[in-house]
Amino acid sequence: MKVLDTGFAKGFIRMADDGWIKGWHERNGGNLSYRIKNTEIEAVEDDLCPGEWHEIGTDVPGLAGEFFFVTGSGKFFRNVSIDPEDSLCIIEIDDSGKKYRIVWGLKNGGRPTSELPSHLMNHEVKKRVSGGKHRVIYHAHTTNIIALTFVLPLDDKVFTRELWEMATECPVVFPQGVGVVPWMVPGGKEIAVATSKLMEKYDLAIWAHHGTFASGEDFDLTFGLMHTAEKSAEILVKTLSMSPKKLQTITSDNFRDLAKAFNVSLSEEFLN
Ligand code: 13P
Ligand code: ZN
């Protein structure tokens, strides 16, 4: 079977298009990765052609032997569906979790996203804490969330509470809340370590003045999570543009009632 005929490739490409349509991927902004299932990689074995091993730039022993579908560095989301073999690649992780090799794609050369350390360290954490369920890591340059990182304190509690308040379904969609990474140089191990620490607890991590990382079980849930958080941020930006102070909002007791009705557990740390 050809890689581009698989359901995972079609889902990946559709998600890239959806992110482009949302306006979150100016130029080469943002990146996406998917942890491929064993059955899926076996089905495309004849379409793979392994290249040289390269350093990942960090250690991910928990991902040894795994295969990932990943966007290429410097590639534009806008072009993914037009020429996926130029924009995307499949990589294999070696037995030590220190190296990767390209086994498909990037037909005109290139390398996986510069945020590969963050993607893989997030995958490693999420594979462990979700019992293997989470497979998608998505980084987008979400306009309104970025805008809020200039006016709100860079604090998990403040961002969680504000995003929960701006749309009733937010606490149901991300009951664990949102983590915030202060401004850091992107593309390396340091920001990957900081982000993956937050991913132990949250499915969303905001990079101040840069963008957002989301983790989920599949393309729909991960895109939906990013969309929900960014829409909530958009409502807050609009609200703050009309008035610096909210006249009314969803209260802590309202959240407790919501948690009961929707059978989710909301940490008291965000309700006080
Ligand atoms: P890449 O083109 O290397 O994926 O980088 C884009 C980006 O958003 C960096 O944070
Ligand atoms: Zn980025």
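Criteria and thresholds
Residues numbered from 1 in each chain as written. Chains lettered and ligands numbered in written order. Predicted model: local features only at pLDDT ≥ 70, side-chain atom pairs only at ≥ 80, totals over all residues. Heavy atoms only, no water. Near = heavy atom within 4 Å. Polar contact = N/O pair within 3.5 Å; in protein donor to acceptor, adjacent residues only side chain to side chain. Areas by Shrake-Rupley, 256 points an atom, 1.4 Å probe, with all protein chains shown as cover. Nonpolar A, V, L, I, M, F, W, Y, C, P; charged D, E, K, R; others polar. Donors = N, O, S within 2.8 Å, 3.2 Å for Na, K, Ca; no water. Helix = DSSP H or I, 4+ residues; strand = E, 2+ residues; numbered from the N terminus. Expected span 1.5 Å × (residues − 1). Buried < 20%, exposed > 50% of the residue type's maximum accessible area, 1.4 Å probe, protein only. Axes fitted to C-alpha atoms, helices over the stretch in contact; angles between N-to-C directions. Parallel < 35°, antiparallel > 145°, perpendicular 65-115°, else oblique. Left-handed = near helix turned anticlockwise from the far one by under 90°. Contact = heavy atoms within 4.5 Å. Pairing = 2+ DSSP bridges.

*Asks:* How would you summarise the site of ligand 1 if you had to cite specific residues and measurements?
*Replies:* N28, G29, G30, N31, S73, G74, T113, S114, E115, H139, H141 and H210 make up every residue found near ligand 1. The side chain of E115 places a nitrogen or oxygen atom 2.5 Å from an oxygen atom of ligand 1. Here ligand 1 loses 93% of its free accessible area of 300 Å² to cover by the protein chains. In the shell around ligand 1, the residues fall into no nonpolar, 11 polar and one charged.

*Asks:* Run through the coordination of the zinc ion (ligand 2), naming residues and quoting values.
*Replies:* Here the zinc ion (ligand 2) is held by H139 (NE2), H141 (NE2) and H210 (NE2), and the distances to it run 2.1 Å. Considered as a linear motif, the donors of the zinc ion (ligand 2) on their single chain read H-x1-H-x68-H. A residue pair is termed long-range when its members are at least 10 positions apart, and H139 in strand β6 (residues 136-140) and H210 in the loop between β8 (204-207) and β9 (211-216) qualify at 71 residues.

*Asks:* Kindly report on helix α10 (residues 219-242), identifying the contributing residues and their values.
*Replies:* Here α10 is 24 residues long and its end C-alpha atoms lie 35 Å apart, about the 34 Å a rise of 1.5 Å per residue gives. Within the sequence span of α10, burial applies to F219, T222, F223, L225, M226, A229, E230, S232, A233, L236 and T239. The N-capping residue of α10, defined by a side-chain oxygen 3.2 Å from the backbone nitrogen of D220, is D218.

*Asks:* Help me get a handle on the packing of helix α1 (residues 7-22) against α10, residues and values and all.
*Replies:* Direction vectors running N to C along α1 and α10 enclose 15°, while the axes themselves pass 10 Å from each other. By the angle between their axes, α1 is roughly parallel relative to α10. For the pair α1 and α10, the sense of crossing is right-handed. Contact residues: α1 offers F8, G11, F12, R14, M15, D18, G19 and K22, while α10 offers F219, D220, T222, F223 and H227.

*Asks:* Before we move on, can you summarise the sheet that holds strand β7 (residues 179-181) with the specific residues and values?
*Replies:* Two pairing modes exist for strands in a sheet, parallel and antiparallel, and in both the strands are linked by backbone hydrogen bonds. The mixed open sheet is built from nine strands, whose spatial order is β2-β5-β4-β3-β1-β6-β9-β8-β7. Edge positions in the sheet fall to β2 (53-55) and β7, since each of these pairs with one other strand and no more. Looking at each pair of strands side by side, their axes are set apart by 25° on average, direction ignored. Judged from the three bridges that link them, β2 and strand β5 (residues 99-105) form a sheet pairing that is antiparallel. Note on β5: the bridge partner recorded for H54 is Y100. Docked against the sheet, α1 engages β1 (31-35), β3 (67-71), β4 (88-93) and β6, running at close to 160° with respect to β1.

*Asks:* Help me get a handle on the packing of helix α5 (residues 116-129) against helix α9 (residues 189-199), residues and values and all.
*Replies:* Direction vectors running N to C along α5 and α9 enclose 25°, while the axes themselves pass 8 Å from each other. Between α5 and α9, the angle falls in the class roughly parallel. Here the hand of the crossing between α5 and α9 comes out right-handed. Of the residues in α9, those touching α5 at P117, S118, M121, N122, V125, K126 and V129 are K189, I191, A192, V193, T195, S196 and M199.

Geometry only, nothing functional implied.
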